[in-house]
Amino acid sequence: MNVPWRYILGLAVGFVLGIAVFVGLLYTQLGVPTLSTQWLFDITNKKALYAANFPGPRLFIVAGSSALFGVNAQLIQQQTGVPTINMGTSAGYPLNYRLDCLKKIVRPGDTLLLALEYESYGDKLVNYSDAGDDYLLARAPEYFLQTSLLYKIEMATRIPFKRLQKGWRNRETPERERPPGLPYIPYLPITPGIDCLDDNGDEVFNMAATRHPPGPEMQDLCSALADGLPSERTAGFETIDSFLQWARAQHITVLATFPNIIKEPAYDEPNGQKAIETITHFYASRGVPVIGTAKEAMLPPDQFFDTVYHLTHEAAIQRTERLIPELEPYLHAAK
Amino acid sequence: MLFSSWNFMVYFLPVSVVVFYLIPAPFRTARKLWLIAASLFFYGYWKIEYVPLLLLSIAFNYAIAEGIIRFPDKSRMLVITGVTLNLLLLGYFKYTNFAVHFLSHLVQRDLGHFNIILPLAISFFTFTQISYLVDVYRDRTAHYRFLDYSLFVVLFPHLIAGPIVRHWEIIPQFIDRELKASRENFGVGITLFLFGLFKKYIADQAAVYADDVYDGARDHLALSSFDAWMGTVAFALQIYFDFSAYSDMAIGLARMFGVKFPSNFDSPYRATSVIVFWERWHRTLTRFLREYVYYSLGGNRRGHFRQVLNILATMLLSGLWHGAGWTYIIWGGLHGIFLVVNHQWRLWVKQMNWTLDRWFHRAASVLVTFIAVSFAWTFFRATNITVAGTMLSSMLGLHGMSLPDEFFIHGGFRDKFLAPLGFHFINTEALQIKHYENALETIAILLLVCWASPNTQQLLSKYDPILEPVTRQPWIHLKLGFWLGLILGFLAYLILRNSYVSDPNPFIYFNF
């Protein structure tokens, strides 16, 4: 029996219909807030507000949570006199989006210190993550709308059913929002949020009295160092390269350093060394000064509290004090 | 690259199909070269280092076959050399460590471990080529061009996990039917592939329950008889849908390129005996074992006792082929015993002049066969004999028949009916099996599908989906029209979404 054209057409139409239904579902819940995205929304806005309050050239620490917990912007500001904002949030959010937000905050004359987590240089965590998709849908509809159709189709394809259900539920009955003034816990037991931010955007939740106890995540190996970053042809390097070009055109000075991470013997293996060489070469070839070495940022486990990237407050102060003398010459040059 | 993976479905398959269909029909050699290149890429994607081994194996076997044809007086020596070297290669990669461990155990000394990575598909391409050598030796007319022979061996739809195809059923299609790029081939092929994709999704759901229970047995967690049976039946369903999915996808993929494969899977859980089960489960492997092992050993031609030995030997070899481990050997041995008992039963029924063809006879036969097969699957799934022992002792109630406290916690049914029957209740919370009710419902529905619904080749029988005619006609046929296409296309997108979000489990038969 012959297979009619109608059947092949039906297959194609059904497939396209599937895509259309799911892209449509994304549109129906754009901007519907979710509780899981509230902390990032809050701290990003607060940090942007702090930044706007400082006149003149500023220093921004750009990274995920390794800088949020591991670099003390207040101390840098006190010792150098340069207004400093810790823009660290979470490396789990797409690097593209984070850098795009940063572009709206910085201005000519500013200095940026990129202390990006090693994973940011690879292919993952650059364009999307589950947390990132959640955030873009709930809190950044304008960013979602400006993405390409292909990106929207990819997002519709990867977004879990549970997230779509949550969006729909929240349209009707919003999740319990944190009442102003109350702590995030128990409203959001995973992260402390803005209640623990100081006026420079540093998270001070990592003090002995409040921080989480050591968790199993402290045993994790950083995949980018364990598996290596064999070349600069990754989505991460491409995204950063494009950002560096933009910053140069805007007369913004960019410096780079390595993120704080728990020291592991595996990172001394060829894969780890190659990854560090690749990153160093990447910045050097683009005229971006690299402050300190990767080894200086690899610290003993007792200086971290819950993940391989989260320094305790005391360790963050020590780390910042070591960083400042290396940073100062560049800040004075920028002035 | 898994057939159900994102990379395969979104990149590899569309590119290989589109280029194939763009090559004009008169350029048949170009189509063959393209298919060989795509197949080698598919194989090399896993580990490029083993592509030369595959190519060497093809060149070696082709040369031996040519030798057999050209030098008839040396054909016996050549076929023995060819088969032996193939088996040595397979033995080296697959069985060296098993043999070393066994010897270590015998001599009570650690003889070490070799760092050997089993090349993907080696069991399948070795068997495919052994059958070719033996056929050429038996009938020296099977002479093909090297290009056709190479394509026959590497053709990616069957390369990794079968069907174990025979040269005489595949290579003539390269020549006679010109690897036709037609709407019919594409339509039937994609339909079979999509059915396989849906089944793979089902298999992965069943795997969740099976893994929970078998991991619990491995970790020495409290396991009730109920849990053990549920895990075993869940695995029986997982492997059923997994292998059925693979077979449908392989047949569908080949069909997209104008090649028809033989049937490999034909509703085996509807078999009324273990003999029939093996006629329906992995049919091309059964055919291979029957024709090249069982018959070579003498089959049933040398008396009843010898036939029993031949069945046992063949099934033990089948077990060993599936994996280098005692659990696989015991699984094969158990099936050997089942087959022997089944043959005896048939003789007995014949002698007693019984006619067991009423519906309830058939239903009971199907149930008994399913229980026997599921029982044997315990060894197939267990990671070692200890785990299999734990599972079986729970299933057979060697420490008393037990039920999970959590599931039967409510109602008087437990105390009034189950307890007096001798069941005791144990706390199985550590197993962390979630949603017992869902598991039971899922298992019940899937069993119903296995037992009552027509299989893919029956549903598509009007479109000649397989090489041979579909023998048993179903109560329903599919008509490929717009609305069916619309539904399948929509479902295909849903499954594709799933493979984007989470990597599908590898096909179970990819391990062999």
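Cut-off values and rules
Residues numbered from 1 in each chain as written. Chains lettered and ligands numbered in written order. Predicted model: local features only at pLDDT ≥ 70, side-chain atom pairs only at ≥ 80, totals over all residues. Heavy atoms only, no water. Helix = DSSP H or I, 4+ residues; strand = E, 2+ residues; numbered from the N terminus. Rg over C-alpha atoms; globule rule 2.2 N^0.38 Å. Contact = heavy atoms within 4.5 Å. Lys, Arg positive; Asp, Glu negative; His and termini not counted. Charge placed at Lys NZ, Arg CZ, Asp CG, Glu CD. Buried area = accessible area lost by both parts, 1.4 Å probe. Salt bridge = Lys/Arg side-chain N within 4 Å of Asp/Glu carboxyl O. Polar contact = N/O pair within 3.5 Å; in protein donor to acceptor, adjacent residues only side chain to side chain. Phe/Tyr/Trp six-rings, centres within 6.5 Å; stacked < 30°, edge-to-face > 60°. Buried < 20%, exposed > 50% of the residue type's maximum accessible area, 1.4 Å probe, protein only. Lys NZ or Arg CZ within 6 Å of the ring centre and 35° of its normal. Axes fitted to C-alpha atoms, helices over the stretch in contact; angles between N-to-C directions. Parallel < 35°, antiparallel > 145°, perpendicular 65-115°, else oblique. Left-handed = near helix turned anticlockwise from the far one by under 90°. Nonpolar A, V, L, I, M, F, W, Y, C, P; charged D, E, K, R; others polar. Patch = residues over 30% accessible without salt bridge, like charges linked within 9 Å, V, L, I, M, F, W, Y side chains within 5 Å. Areas by Shrake-Rupley, 256 points an atom, 1.4 Å probe, with all protein chains shown as cover. Expected span 1.5 Å × (residues − 1). Pairing = 2+ DSSP bridges. pLDDT = per-residue confidence, 0-100.

(A) Expanded view of the overall build of chain B. Along its length, chain B carries 20 helices and two strands. Computed over the C-alpha atoms, the radius of gyration of chain B is 24 Å, within 12% of the 24 Å expected from 2.2 N^0.38 for a compact globule of 512 residues. Across its three principal axes, chain B shows a C-alpha extent of roughly 75 × 60 × 55 Å. Look at the contacts in chain B between residues 6 or more apart in sequence, and 74% of them connect residues 24 or more apart. Averaged over its 41 positive side-chain charges, chain B has a centre that lies 10 Å from the centre of its 32 negative ones.

(B) Structural detail: the interface of chain A and chain B. With 29 residues of chain A in contact, the opposing surface of chain B contributes 27 residues. Here chain A and chain B share an interface that buries about 2500 Å² over both sides, 71% of which is from carbon and sulfur atoms. Joining chain A to chain B, the criterion identifies zero salt bridges. In this assembly, chain A and chain B are joined by nine residue pairs in polar contact (both at pLDDT 80 or more). Taken together, the elements giving at least two residues each to the side of chain A that touches chain B come down to α1 (5-28), α8 (149-158) and α9 (161-172) of chain A. Among the elements that take part in the side of chain A that touches chain B, α1(A) stands out by supplying 15 residues, more than any other.

(C) The packing of aromatic side chains, seen in detail. For the coordinates displayed, the defined rule picks out 78 aromatic pairs over all chains. Relative to Y493(B), the ring of F15(A) lies with its centre 5.6 Å away and its plane at 90°, an arrangement referred to as edge-to-face. Of this pair, F15(A) sits in helix α1 while Y493(B) sits in helix α20 (residues 482-501), on two different chains. Here the aromatic rings of F3(B) and F507(B) are separated by 6.2 Å at their centres, their planes lie at 65°, and the arrangement is edge-to-face. Taken as a pair, F3(B) in the segment before α1 (6-22) and F507(B) in the segment after α20 lie far apart in primary sequence, 504 residues in all. Considered together, F3(B) and F507(B) belong to a single accessibility category, that of buried residues. If you follow R171(A) out to its NZ or CZ, it ends over the ring of W168(A), 4.7 Å from the centre.

(D) Up close: the packing of helix α13 (residues 304-322) of chain B against helix α14 (residues 326-352) of chain B. Residues and elements named next belong to chain B. Running from amino to carboxyl end, α13 crosses α14 at an angle of 150°, the nearest separation of the two axes being 7 Å. Our classification of the angle between α13 and α14 gives roughly antiparallel. The crossing of α13 and α14 is right-handed. In terms of residue class, the contact of α13 with α14 is built from 13 nonpolar, eleven polar and no charged.

(E) Region of interest: the environment of T386(B). Residues and elements named next belong to chain B. Positionally, T386 belongs in helix α16 (residues 385-395). The exposed category is assigned to T386, whose relative accessible area is 52%. Here the alpha-carbon distance between T386 and A217, two residues 169 residues apart in the chain, equals 8.9 Å.

(F) Highlighting a nonpolar patch on the surface. All names here are of chain B. A cluster of nonpolar residues, F102, L103, L106, V107, L111, W326 and I385, forms a patch on the protein surface that exposes about 640 Å² of accessible area. The dominant element in the nonpolar patch, judged by the number of residues it contributes, is helix α4 (residues 75-107), at four residues. Tracing the backbone through its elements, the reader meets L103 in helix α4.

(G) Just helix α10 (residues 225-256) of chain B, in detail. Here α10(B) is 32 residues long and its end C-alpha atoms lie 46 Å apart, about the 46 Å a rise of 1.5 Å per residue gives. Backbone geometry just after α10(B) places G258(B) at a positive phi near 80°.

(H) Structural context of the pairing of strand β3 (residues 111-114) of chain A. All names here are of chain A. On β3, burial covers both faces: T111 and L113 on one face and L112 and L114 on the other are all buried. With four bridges joining them, strand β1 (residues 59-62) and β3 adopt parallel strand pairing. Within β3, the position partnered with V62 by the bridge is L114.

(I) Region of the structure containing the sheet that holds β1(A). Spatially, the five strands line up as an open sheet ordered β2-β1-β3-β4-β6 (chain A), and their pairing is parallel. Of all strands in the sheet, those with a lone pairing partner are β2 (84-86) and β6 (290-291) of chain A, marking the two edges.

(J) Structural view of helix α6 (residues 146-154) of chain B. All names here are of chain B. The element α6 is largely enclosed, with a buried count of eight among its nine residues. Those residues of α6 that sit buried are L147, D148, Y149, S150, L151, F152, V153 and V154. Contacts from the buried residues of α6 go to α2 (28-46), α3 (51-70), α5 (122-138), α7 (156-159) and α8 (167-176).

(K) The side chain of T369(B), seen in detail. Residue and element names in this part refer to chain B. Along the chain, T369 falls in helix α15 (residues 359-381). On the basis of relative accessibility, which here comes to 6%, the residue T369 falls in the buried class. With near-sequence residues (within four places) excluded, T369 lies in contact with A271, T272, S273, V274 and F277.

(L) Representation of the pattern of salt bridges. Under the definition given, this model contains 19 salt bridges over all chains. For D266(B), the salt bridge is made with R472(B), and the minimal N-O distance between the two is 2.5 Å. Taken together, the positions of D266(B) in the loop between α10 and α11 (274-280) and R472(B) in the loop between α19 (456-459) and α20 put the pair 206 residues apart, joining distant regions of the chain. Assessed through its relative accessible area of 8%, D266(B) is described here as buried. According to the relative accessible area criterion, R472(B) is partly exposed, its value standing at 28%. Taken together, the salt bridges that share partners define one network made up of D133(A), E154(A) and R158(A).

(M) Fine view of the side chain of K152(A). All names here are of chain A. Among the structural elements, K152 can be located in helix α8. No salt bridge is formed by the buried K152; the nearest opposite charge belongs to E154, separated by 12 Å. In this structure, K152 is in contact with V23, L26, Y27, F144, L145 and T147, ignoring residues within four places of it in sequence.

(N) Inspection of the packing of α1(B) against α20(B) at higher detail. All names here are of chain B. Two elements in contact, α1 and α20, have axes separated by 8 Å at closest approach and are oriented at 115°. Judged by the inter-axis angle, α1 sits roughly perpendicular to α20. Of the residues in α20, those touching α1 at W6, M9 and V10 are L496, S499 and Y500.

(O) Expanded view of unusual backbone geometry. Not every positive phi belongs to a glycine, and H251(A) is a case in point at roughly 60°. Along the polypeptide, H251(A) turns up in the loop between α11 (235-249) and β4 (253-257). Judged by relative accessible area, which is 62%, H251(A) ranks as exposed. One non-glycine residue, S267(B), lies in the positive phi region at around 45°. Here S267(B) shows up in the loop between α10 and α11.

(P) Geometry of the confidence of the model for chain A. Of all residues in chain A, 90% attain a pLDDT of 70 or more, and the chain-wide mean is 85. Confidence drops under a pLDDT of 50 for residues 185-190 of chain A, and excluding neighbours within four residues, the segment shows eleven contacts in the predicted structure.

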